[in-house]
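This is what each chain is made of:
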There are 2 protein chains.
Amino acid sequence: MEESEWIDESTVSPHVKEAKYAVRGELVLRAMEIEKKLLANPEAFPFDKVVYCNIGNPHQLGQKPLTFPRQVLALLACPELIKNERLGFLCDVVERAQKYLDKIPGGIGAYSNSQGLEIVRHEVAAFLEQRDGYPSHIDNIFLTNGASAAVVLMVSLMLKDKHDALMIPIPQYPLYSASIALQGGTVAGYYLDESSGWSCSSNALQDAYNESVRNGARPRGIVVMNPGNPTGQVFSVEELEAILRFANKNRLVVFADEVYQTNIYSSSFVSFRKVLLDIQTCKRELLDQQLITLHSVSKGFTGECGLRGGFMELIGFDESVKLQVYKLLSIMLCSNLVGQVAVGLMVNPPRQGSPSYQLYEKERSSLISSLKRRAEKIVSHLNELDGVRCSKVSGALYTFPSITLPEKAVKKAESIGIAPDAFYCMELLNNCGIVCVPGSGFGQVDGTFHFRTTILPAEEDLDSVLEAISTFHKNFMSIYR
Amino acid sequence: MEESEWIDESTVSPHVKEAKYAVRGELVLRAMEIEKKLLANPEAFPFDKVVYCNIGNPHQLGQKPLTFPRQVLALLACPELIKNERLGFLCDVVERAQKYLDKIPGGIGAYSNSQGLEIVRHEVAAFLEQRDGYPSHIDNIFLTNGASAAVVLMVSLMLKDKHDALMIPIPQYPLYSASIALQGGTVAGYYLDESSGWSCSSNALQDAYNESVRNGARPRGIVVMNPGNPTGQVFSVEELEAILRFANKNRLVVFADEVYQTNIYSSSFVSFRKVLLDIQTCKRELLDQQLITLHSVSKGFTGECGLRGGFMELIGFDESVKLQVYKLLSIMLCSNLVGQVAVGLMVNPPRQGSPSYQLYEKERSSLISSLKRRAEKIVSHLNELDGVRCSKVSGALYTFPSITLPEKAVKKAESIGIAPDAFYCMELLNNCGIVCVPGSGFGQVDGTFHFRTTILPAEEDLDSVLEAISTFHKNFMSIYR
């Protein structure tokens, strides 16, 4: 046996090396470097700050947290405050905090059940029932450190080796391809159709499935992002039903990634869960189907990314699989309790008639209208740029415009060994301090180029961000045309 | 290609199935079931509550959180409170909260740098320098959801397949064997010597190494728990140096799991980091060595398990490996921000002379003395039981007594298909409502039996818990002798 070696680039696990995550990749590392240089020398760059449009991180760009959930969390952090009458919190805030404290043995400083706090799982079950009209059971609900942790966990459970594939949309959110790579599994990408607003056709699904099988990798599941990230489409009931029937025919577990379900700016959101249960109940079809429903406090109008709270509901899985999921969660003991409680506060907000309702509702609706305005403004602005085409943003927090890059720019990128759209984004960063993510990080039709930007810059900053992008784009095109 | 199948026990990943985590295994599921039955019918069992001694979860058993860190966290959850002068918080609480808010863009609701907040990493670096006398650098520090997440991550990076092994102590904390199983790697267990208070001999290390190599699995690293879990020993500088030299000779990355470093009841704690840096600096030896230092807010006197805060420092790893670590963390974006800040508050407590110092110090010292009293009481009590032998608890939160089980009990256990010590623990649970973990969950010399109990029951409950164990043990022995 050869001698042991230290851990270096040549000896780390190939699965780890294979995994990529462009949203926080090279561009972000460069952005952080620039930020440091700007601190030391504010004149070092032709801009005075770095604007992170690479990631759906609303609070970082100035979005304020909602009052009600944060007040409850403050009381859980410091329960002695509950008795402080000079605090000025409304009574439903105090009542909710007291209810959690009564039901959480040891408070937020104790490990919970590895599956998550029972009281929060009850709140999630009630939310799912109210949303879809079908009951849910706390035994099927698992609380996780954001939805990402649930995805990584379920992928690790499902994929054994390169002969197991997971179907993911192209473009996709790269958490999925990274999770697949970490298991040594295979990506089976199905293309969304940009020309029809990133719709999903049955042909595209079947093509991707067949190709994966031809290559020796059997798809075990299919990821559906609705609303789409980075693509912003919201699927209709008919589209969801078509996907579901395709999945069912091929026994594919559906990952319904619905973390943007309250970020809806036109059309309306229907959950995969409702579509499935409608078929099983109203249409009385005996449709065996495994469904993983995902949701998170990071997006929506809460935007509580840093709290790392999320949940999944498992439908159609037997006890033995749920026990495996429980065991995997138990190895790291439990997800963080503040994130768990934040899930409860998201799915069970103040109700009409309760003292905190009015403020909560005002905060919620003003945020959603602002996001809608920003989405529309960004899309129309980008569509005015030469060679840029941007689909409507019906939901989620991103636009994903295509850019027609001049031959000379493509050559330049190749000469320095990076993807052409990564070159475009790097130039945008170096010239304007704006961080976007190249389309190559999400996947795209060969020969096309895109970038993703969030719609999150604050309204008062948005004009200057868009102006900077325009100026940069015109310059870039004039140099490389 | 065969047809796809739904996910069930026969199709889940074999690595997942292989992983075991007894600390929250079958016994805990049974305990939760009993708790539910007790709620419905308080007469259903010969005890009125379930006492969880299976896990180091101090707050669950009544330990109060420290005042200073929780007040700061409340202000971060609800920054509007900072301006509330009627709150009654001391000025250093408010100052610390303001300092975090100034340095955390977007507050605790925003994703941080995937490596963790810079301000907290600076606090960790200062702590390590003060503790060991050698500087640390924030680029080497990574904040994680508890130390467990750091372990799982580093194991996934280091082990490729069954030909890669990780040396772990026997008995071990089962996070390690589970993490190895999830990667399809191999466990190379080295035995601690119970007869000398769970010491670690060079022979035992060499034997384990040789055996693993003989079996075709090359050890890549070695886990050292100090203070030991479940064994409670604290290694001397000489023992640590011997382990280090063994690791170095065989190019083994050292996992220094030191999450119990402030749970010291006799002898004193010296970090692996200090031992290594002393050799490299004072002894001027050119010792190349890779070291992973682990710490957590879950243990010590903070006991903040539910916040999921921890850190690791990497020593001797090159940039390319640190970039891989960063990438793995970035896939799940970042660890939870409350846990990150809790790490900062743990390593940077109120200093002498600051307003919160006195209360903090009082809370700290009374907790540590109480744990010391409980450790001594439990050990001496258990040693009085027939067939039970319990080593001194010098550190950490557990005792791991050996029990000589009568032949008849062993046969009975075999007849129902469980390990003899699991049978003992199950009977203890069913008769007294006390949850311990069988030695078979940690590993032990073949033919010996143990169980692990925490030293955490509150002092006012401890007598009754010990009394219940005694009565049960006597009964058990009289039935099965």
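Small disclaimer: the values here were computed from a predicted structure and weren't measured. (Residues numbered from 1 in each chain as written. Chains lettered and ligands numbered in written order. Predicted model: local features only at pLDDT ≥ 70, side-chain atom pairs only at ≥ 80, totals over all residues.)

## Section: the overall build of chain A
Broken down by element type, chain A carries 16 helices and 14 strands. Its C-alpha radius of gyration of 23 Å places chain A within 12% of the 23 Å reference for a compact globule of 481 residues. Considered along the principal axes of its C-alpha atoms, chain A spans approximately 65 × 60 × 60 Å. Taken across its 481 residues, chain A has 54% of its residues classed as buried. Sequence separation of at least 24 residues holds for 70% of the intrachain contacts in chain A that already meet a minimum separation of 6. (Helix = DSSP H or I, 4+ residues; strand = E, 2+ residues; numbered from the N terminus. Rg over C-alpha atoms; globule rule 2.2 N^0.38 Å. Buried ≥ 20, exposed ≤ 12 C-beta atoms within 10 Å, placed from the backbone. Contact = placed C-beta atoms within 7 Å.)

## Quick look at the sheet that holds strand S13 (residues 437-438) of chain B
Residue and element names in this part refer to chain B. With antiparallel pairing, three strands are arranged side by side in an open sheet as S10-S14-S13. Strands at the two margins of the open sheet, each flanked by one partner only, are strand S10 (398-399) and S13. Bridge analysis of S13 against strand S14 (residues 451-454) gives two bridges, and the strand direction is antiparallel. Its bridge partner being in S14, Val437 is matched across the sheet by Arg452. (Pairing = 2+ DSSP bridges.)

## Quick notes on the relation of the copies chain B and chain A
Of the transformation superimposing chain B on chain A, the axial component is 0.0 Å and the angular component is 180°, with the fit at an RMSD of 0.0 Å. Those values place the two copies in the arrangement expected of a two-fold rotation axis. Looking at the rotation axis and the C-alpha trace of chain B, the residue lying nearest is Ala74(B), at 2.1 Å. In this assembly, 100% of the residues forming the interface of chain B have copies in chain A that are likewise at the interface, indicating an isologous arrangement. (Least-squares fit on C-alpha atoms with pLDDT ≥ 70 in both.)

## Focus on the domain arrangement of chain A
Residue and element names in this part refer to chain A. Splitting chain A by domain gives domain 1 (14-62 + 365-480) and domain 2 (104-347). A straight line from the C-alpha centre of domain 1 to that of domain 2 covers 27 Å. Taken residue by residue, the interface counts 35 residues in domain 1 and 32 residues in domain 2. Those elements giving two or more residues to the side of domain 1 that touches domain 2 turn out to be helix H1 (14-18), helix H13 (357-383) and strand S10 (398-399). The element best represented in the side of domain 1 that touches domain 2 is H13, accounting for five residues. Grouping the amino acids of the side of domain 1 that touches domain 2 by side-chain chemistry returns 17 nonpolar, 13 polar and five charged. (Domains from an automatic or database assignment. Nonpolar A, V, L, I, M, F, W, Y, C, P; charged D, E, K, R; others polar.)

## Looking at the packing of helix H3 (residues 67-77) of chain B against helix H4 (residues 91-103) of chain B
When two helices pack together, their arrangement is given by the angle between the helix axes and by the axis-to-axis distance. All names here are of chain B. Between H3 and H4, the least distance of the axes is 9 Å, while the angle of their chain directions is 50°. When the axis of H3 is compared with that of H4, the two are oblique. The two elements H3 and H4 cross, and the hand of that crossing is right-handed. Within the contact between the two elements, H3 uses Phe68, Gln71, Val72, Leu75 and Leu76 and H4 uses Val93, Val94, Arg96, Ala97, Tyr100 and Leu101. The residue inventory of the contact of H3 with H4, partitioned by class, reads nine nonpolar, one polar and one charged. (Axes fitted to C-alpha atoms, helices over the stretch in contact; angles between N-to-C directions. Parallel < 35°, antiparallel > 145°, perpendicular 65-115°, else oblique. Left-handed = near helix turned anticlockwise from the far one by under 90°.)

## Some details on the interface of chain B and chain A
When the parts of a complex come together, some accessible area is lost, and that lost area is often taken as the interface size. Listed per partner, the contact involves 79 residues of chain B and 79 residues of chain A. For the side of chain B that touches chain A, the residue count by class is 40 nonpolar, 24 polar and 15 charged.

## Concerning helix H5 (residues 118-132) of chain B
All names here are of chain B. Its 15 residues give H5 an end-to-end C-alpha distance of 21 Å, which sits within 8% of 21 Å, the value for a rise of 1.5 Å per residue. Considered for burial, the residues of H5 that qualify are Val120, Arg121, Glu123, Val124, Phe127 and Leu128. In an axial view of H5, the angular spread of the buried residues amounts to 155°, which keeps them on one side of the axis. Buried residues belonging to H5 abut strand S2 (141-144), helix H10 (272-281), strand S8 (310-315) and helix H12 (337-347). Just downstream of H5, Gly133 is the residue with a positive phi angle, here 85°. (Expected span 1.5 Å × (residues − 1). Arc of directions from axis to C-beta.)

## Concerning the sheet that holds S2(B)
Residue and element names in this part refer to chain B. Strands sit in the order S2-S8-S7-S6-S5-S3-S4 across an open sheet of seven strands; the sheet is mixed. Both outer strands of the open sheet, S2 and strand S4 (186-191), are each paired with one neighbouring strand and no more. Geometrically, the sheet is characterised by an average inter-axis angle of 25° between neighbouring strands, direction not taken into account. Strand direction decides the pairing type here: S2 and S8, joined by four bridges, are antiparallel. Residue Ile141 lies in a different strand from S8, and its bridge partner there is Glu313. Against the sheet, helix H8 (residues 202-214) engages strand S3 (164-170), S4 and strand S5 (218-225), with an angle of about 155° to S4.

## Section: the environment of Cys91(B)
Within the secondary structure, Cys91(B) sits in helix H4. In sequence terms Cys91(B) and Ser354(B) are 263 residues apart; their C-alpha atoms lie 9.0 Å from each other.

## Considerations on helix H9 (residues 237-249) of chain B
All names here are of chain B. Between its terminal C-alpha atoms H9 stretches 18 Å, which fits the 18 Å expected from 13 residues at 1.5 Å a residue. Of the positions making up H9, those classed as buried are Leu240, Ile243, Leu244 and Ala247. Down the axis of H9, the sector holding all buried residues measures 100°, keeping them to one side. Among the exposed residues of H9, those oriented more than 90 degrees off its buried face are Glu238 and Lys249. The inward-facing, buried residues of H9 contact H8, S5, strand S6 (253-257) and H10. Arg251 sits one or two positions beyond H9 and adopts a positive phi of about 50°.

## Comments concerning the environment of Leu90(A)
All names here are of chain A. Checked against the element boundaries, Leu90 lands in the loop between helix H3 (67-77) and helix H4 (91-103). Classification of Leu90 as partly exposed rests on a count of 17 C-beta atoms within 10 Å. If we ignore the near neighbours within four places in the chain, the residues touching Leu90 are Pro355 and Ser356.

## Section: the pairing of S4(B)
Residue and element names in this part refer to chain B. In this sheet, S4 lies alongside S3 in parallel orientation, the contact comprising six bridges. Considered in S4, the bridge of Pro169 is made with Tyr190. Remark: the S3/helix H7 (residues 175-182)/S4 crossover connection has right-handed handedness. (Right-handed = clockwise from strand over helix to strand, strands pointing away.)

## Structural notes on unusual backbone geometry
Cis geometry is adopted by the peptide bond preceding Pro171(A), which originates at Ile170(A) and carries an omega value of 0°. Its location among the elements puts Pro171(A) in the loop between strand S3 (164-170) and helix H7 (175-182). Positive phi, normally seen in glycine, also occurs at Arg284(B), with a value near 50°. Tracing the backbone through its elements, the reader meets Arg284(B) in the loop between H10 and strand S7 (291-296). At Ala396(B), a residue that is not glycine, the phi angle is positive and equals roughly 70°. As for its position among the elements, Ala396(B) is in the loop between strand S9 (388-389) and S10. C-beta crowding within 10 Å serves as the criterion here: with 30 such atoms nearby, Ala396(B) is assigned to the buried category.

## Focus: the pairing of strand S6 (residues 253-257) of chain A
Residue and element names in this part refer to chain A. Within S6, five of the five residues are buried, leaving the element largely enclosed by the surrounding structure. Residue alternation in S6 divides its side chains into two sets, Val253, Phe255 and Asp257 and Val254 and Ala256, and both sets are buried. As defined by bridge partners, strand S5 (residues 218-225) adjoins S6 across five bridges and the pair is classed as parallel. By the bridge assignment for S6, Val224 is matched with Ala256. For the crossover that starts at S5, traverses helix H9 (residues 237-249) and ends in the parallel S6, the hand is right-handed. Bridge count for S6 against strand S7 (residues 291-296) is four bridges, and the pairing is parallel. When the bridges of S7 are listed, Phe255 appears paired with Ile292. In this region the chain leaves S6, passes through helix H10 (residues 272-281) and returns to the parallel neighbour S7; the handedness of that crossover is right-handed.

## Some words on the confidence of the model for chain A
Per-residue confidence for chain A averages 94 on the pLDDT scale, and 99% of its residues sit at or above 70. Reported confidence for the predicted complex is 0.95 by ipTM and 0.95 by pTM. (pLDDT = per-residue confidence, 0-100.)

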